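# Working through the structure, step by step
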Amino acid sequence: MNKYRIAPLPAQPEAGLIADLETIETATLGHVRFTGFMDRRIQALASNQPTRAGCAVTLALPAMCSSLMHYAVSFQRPGDFLIVDRLGDDRYACLGGAVARAIKNSGAAGVVVDGCVTDVAEILAEGLPVWCRGASSLTTRRADLGGTFNRPIACGNVPVLPGDIVIADASGVVVLPADEAREAADEAIAREERVQRTMQRLAAGEKLGEITGTIASINAQIDGDTK
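A short tour of the structure in this document, coming up. By convention here, each chain's residues receive numbers from 1 onward along its written sequence. Local features in this predicted model are restricted to residues whose pLDDT is 70 or higher, and side-chain atom pairs enter the listing and the counts only when it is 80 or higher, whereas totals over whole chains, interfaces and linings include all residues. Calculated side-chain values reflect all of the structure's heavy atoms, with hydrogen atoms and water omitted.

## Describing the state of the cysteines
Note on terminology: a disulfide is the covalent bond linking the sulfur atoms of two cysteines. Two cysteine sulfurs form what is called a disulfide whenever their separation falls within 2.5 Å. On inspection of all chains with the given rule, the structure shows 0 disulfides. Looking at cysteine 65, it has no disulfide partner, and the nearest cysteine sulfur is the one in cysteine 94, 11 Å off. The structure places no disulfide on cysteine 116, whose sulfur is separated from the nearest cysteine sulfur, that of cysteine 132, by 7.2 Å. We call a residue buried when its accessible area falls under 20% of the maximum for its residue type, exposed when it is over 50%, and partly exposed in between, using a 1.4 Å probe and counting protein chains only. According to the relative accessible area criterion, cysteine 116 is buried, its value standing at 8%.

## Structural notes on the environment of arginine 52
Residue position: arginine 52 is located in strand S3 (residues 52–60). You can call arginine 52 partly exposed: its relative accessible area is 25%. For the pair arginine 52 and threonine 214, spaced 162 residues apart in sequence, the C-alpha to C-alpha distance is 34 Å. Two residues form a contact once any of their heavy atoms are found within 4.5 Å. Excluding anything up to four places from it in sequence, arginine 52 contacts Glu22, Phe81, Ala109, Pro129, Trp131, Val166, Ile167 and Ala168. To qualify as a helix, a DSSP run of H or I must reach at least 4 residues; to qualify as a strand, a run of E must reach at least 2; elements of each kind are numbered from the N terminus.

## Re a nonpolar patch on the surface
Exposure above 30% relative accessible area and the lack of any salt bridge qualify a residue for a patch; like charges then connect within 9 Å, and the nonpolar side chains Val, Leu, Ile, Met, Phe, Trp and Tyr within 5 Å. Here the Shrake-Rupley method, with its probe set to 1.4 Å, supplies the accessible areas, and only the displayed protein chains count as covering residues. Salt bridges are defined by distance alone: a side-chain nitrogen of Lys or Arg within 4 Å of a carboxyl oxygen of Asp or Glu. Together, Ile6, Leu9, Tyr71 and Phe75 line one region of the surface with nonpolar side chains, adding up to about 340 Å² of accessible area. Mapped onto the fold, phenylalanine 75 is located in the loop between helix H3 (67–73) and strand S4 (80–85). Since its relative accessible area comes to 40%, phenylalanine 75 is described here as partly exposed.

## A closer look at the side chain of aspartate 114
By the secondary structure assignment, aspartate 114 is in the loop between strand S5 (110–113) and strand S6 (116–117). According to the relative accessible area criterion, aspartate 114 is buried, its value standing at 14%. Once residues within four sequence positions are removed from consideration, aspartate 114 is found in contact with Ile42, Val84, Arg86, Asp89, Arg133, Ala154, Cys155, Gly156 and Asn157.

## With respect to the nonpolar core
Core analysis: the largest hydrophobic core is formed by 23 residues, its most contacted members being Leu59, Met69, Leu82, Val84, Leu95, Ile103 and Val111. Of all the secondary structure elements, the ones that give two or more residues to this core are S3, H3, S4, helix H4 (97–106), S5 and strand S7 (130–132). Top element by residues in this core is H3. It accounts for 4 residues. Excluding anything up to four places from it in sequence, valine 111 contacts Phe81, Leu82, Val84, Leu95, Ile103, Leu128, Pro129, Val130 and Trp131. Listed in part, the 18 residues of the second largest apolar core include Ala109, Val158, Val160 and Ala168. We call a set of buried residues a nonpolar core when its members are Ala, Val, Leu, Ile, Met, Phe, Trp, Tyr or Cys and they connect through side-chain atoms within 4.5 Å of each other.

Rendered as structure tokens:
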């Protein structure tokens, strides 16, 4: 069996969906969904990272090998979100300055690595949005060990299929099945509009417990216990 398992690039979502998702925060999705949230230890390299969304293009790299990474980045499209399963490795960095430049040049939305990266200053200077588990000076080699491209993977304890929708910001990374992304976007946008109204009421001097009704609810229970 061929040690490289490569499938076609997935269909990309319509641009309007991606534009809508990039107006929300992943934390808003945390209020309306329970699944798709990557391990919280996968964090943005840039602490002020704004929201990015895109089409999941999946890659699985074994151990110290980055041969397929060099192959895969050569096929990235504008709007793709490269999601890298490191198959349990947390020692070898598979993304550095040169790979970051290649991905940035493609117009890809960003990269998520379930493992380490290197050349952090160079990656930040390139302006490529990257999420990972940290940095390492021990790097991968082009060892020709194989891997998969555009096949199902796991990243941050979340299953990821090619064509899923990825949304990521300074708070974390969320994976949305393509057929659920529009509903999730609409629900999140509606929630953020409600939050903005709450923020305005707080700015006007109202108490949070009054706005949410928790003061009245808890007081009613306290009064009931004392009767």
